[in-house]
Amino acid sequence: MAENYEHLLVETESDGIAVVTVNRPDKMNALNSDLLDELDQVFAGLESDTEVKAVIVTGAGDKAFVAGADIKELGQLDQKSGRDTSRKGQQIFDRIESFQKPVVAVVNGYALGGGAELAMACHIRIATDNAVFGLPEVSLGLIPGYGGTQRLPQLVGRGKALEMILSGGMIKAGEALQYGLVNKIAESGDPLNEARQMLAQMLKHGPIALSMAIQAINSAGSDNGYDVEADCFGQLCNTDDFKEGTSAFLEKRKPDFQGR
Ligand code: COA
């Protein structure tokens, strides 16, 4: 089923994978305020849609995933509206990071500034070989404001994050893979299909276990990460899916998870 927004294409496929395409190719898919609102609305809807099992995020066209926040809009900001804009972006990307079903970014070209931050908020990143990553905000007299200063060090380490953000430079897909910024580089001409294949492997497992794995991993490094892990583990022990998974193993058959 396809839904239309001004700046996004959203299509849920028969396998339960929703493909969200950022669709402003004439502006390198730059994130303006309306687009961010649509992204928020779409992810809220996909979260509660029981037909949707996972999400792929990508960019329209073959040049850009997303080339950043819309610089025309950024130019209007003052201290208060700048802080509010940063907070809004952070909250929307937090929604994606905390999404309870797997989210894969297919980074098909420039992922700069807010585009790199969007990709980092997704759970997994698959890059095409023409993908380019960078946080060029300092070249505009800014810093990353949609979570980039927090997520980049988690992915690539503090030293590399400082190098990337302070230099404002760009790196290609191979380097991004080497630093751990992406999970893999697409091997075929059909990166969306590679994302679908990766998701198919995940979706063999019970949805509650996937959701709690995301929740526990998102708590890594926080004060209560081990508590969250233990709570999630305990809750899972109380599910039918846990009983099914363990019984299926002992009975030497494939599990049939019902998401209960
Ligand atoms: N915000 C607003 N518009 C943007 C944009 C952004 N982040 N990135 C690209 N665009 C627009 C350009 O202004 C241009 O619009 P125009 O045709 O109306 O002039 C159009 O998209 C095409 O971009 P262009 O720069 O002509 O393409 P290119 O192939 O020469 O360069 C980039 C591509 C991505 C390297 C270059 O557009 C760029 O550096 N963009 C800004 C990246 C950035 O600093 N992002 C961080 C923002 S916080």
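Note: the structure precedes this text.
Residues numbered from 1 in each chain as written. Predicted model: local features only at pLDDT ≥ 70, side-chain atom pairs only at ≥ 80, totals over all residues. Heavy atoms only, no water.

Draft legend 1. Geometry of the packing of helix α3 (residues 79–97) against helix α4 (residues 114–121). Interhelical geometry of α3 versus α4 gives an angle of 30° and a closest axis separation of 8 Å. Classified by the interaxial angle, the pair formed by α3 and α4 is roughly parallel. On α4, the residues that touch F93, I96 and E97 of α3 are G114, E117, L118 and A121. Partitioned by chemical class, the residues of the contact of α3 with α4 number 4 nonpolar, 1 polar and 2 charged. (Axes fitted to C-alpha atoms, helices over the stretch in contact; angles between N-to-C directions. Helix = DSSP H or I, 4+ residues; strand = E, 2+ residues; numbered from the N terminus. Parallel < 35°, antiparallel > 145°, perpendicular 65-115°, else oblique. Contact = heavy atoms within 4.5 Å. Nonpolar A, V, L, I, M, F, W, Y, C, P; charged D, E, K, R; others polar.)

Draft legend 2. Geometry of the packing of aromatic side chains. On inspection of all chains with the given rule, the structure shows 2 aromatic pairs. With 5.2 Å between their ring centres and 85° between their planes, F43 and F99 make a pair best called edge-to-face. Of this pair, F43 sits in helix α1 (residues 33–48) while F99 sits in the loop between α3 and β6 (103–107); the two residues are 56 residues apart in sequence, bridging distant segments of the chain. Across the pair, F99 and F43 agree in class, each one buried. Arranged with centres 5.7 Å apart and planes meeting at 90°, the rings of F93 and Y146 form a pair that is edge-to-face. Of this pair, F93 sits in helix α3 while Y146 sits in the loop between β9 (132–134) and α5 (148–156), and the two are 53 residues apart along the sequence. The pair F93 / Y146 is uniform in exposure class, with both members buried. (Phe/Tyr/Trp six-rings, centres within 6.5 Å; stacked < 30°, edge-to-face > 60°. Buried < 20%, exposed > 50% of the residue type's maximum accessible area, 1.4 Å probe, protein only.)

Draft legend 3. A look at the pattern of salt bridges. As enumerated under the stated definition, the model contains 12 salt bridges in all. Note that D40 is salt-bridged to R95, the shortest N-O span being 2.6 Å. Of this pair, D40 sits in helix α1 while R95 sits in helix α3, placing them 55 residues apart in sequence. Assessed through its relative accessible area of 32%, R95 is described here as partly exposed. Residue R151 pairs with E97 through a salt bridge whose shortest N-O separation is 2.8 Å. (Salt bridge = Lys/Arg side-chain N within 4 Å of Asp/Glu carboxyl O.)

Draft legend 4. Highlighting the side chain of E137. Tracing the backbone through its elements, the reader meets E137 in the loop between β9 and α5. Although E137 is buried, it forms no salt bridge, and the closest oppositely charged side chain is R151 at an N-O distance of 11 Å. (Lys, Arg positive; Asp, Glu negative; His and termini not counted.)

Draft legend 5. Structural view of the sheet that holds strand β5 (residues 64–66). Pairing is mixed across the open sheet formed by 4 strands, whose spatial order is β5-β7-β9-β10. Sheet topology places β5 and β10 (170–172) at the edges, where each strand pairs with a single neighbour. The average angle at which neighbouring strand axes cross in this sheet is 20°, direction not considered. Bridging between β5 and strand β7 (residues 110–112) involves 2 bridges; their strand directions are parallel. Counted as the bridge partner of A64 is Y110 from β7. (Pairing = 2+ DSSP bridges.)

Draft legend 6. Layout of the nonpolar core. By size, the foremost hydrophobic cluster in this structure holds 48 residues, and its most contacted members are V55, F93 and F133. For this core, the element with the highest residue contribution is α1, accounting for 6 residues. Residue contacts for F133: discarding those within four places in its chain leaves V107, A111, L112, A127, G169, M170, I171, A176, L181 and V182. Ranked by size, the runner-up nonpolar core spans 11 residues in total, among them I17, V104, A186 and A195. (Core = buried A, V, L, I, M, F, W, Y, C linked by side-chain atoms within 4.5 Å.)

Draft legend 7. Main features of the pairing of β6. Among the 5 residues of β6, 5 are classified as buried, and the element is accordingly described as predominantly covered. Of the two faces of β6, the one holding V103, A105 and V107 and the one holding V104 and V106 are both buried throughout. When strand β4 (residues 54–59) meets β6, the two strands line up parallel, connected through 4 bridges. If you follow V57 over to β6, its bridge partner there is A105. Where β6 lies against strand β8 (residues 124–127), 4 bridges are found, and the strand directions are parallel. For A105, the partnering residue across the bridge sits in β8 and is R125.

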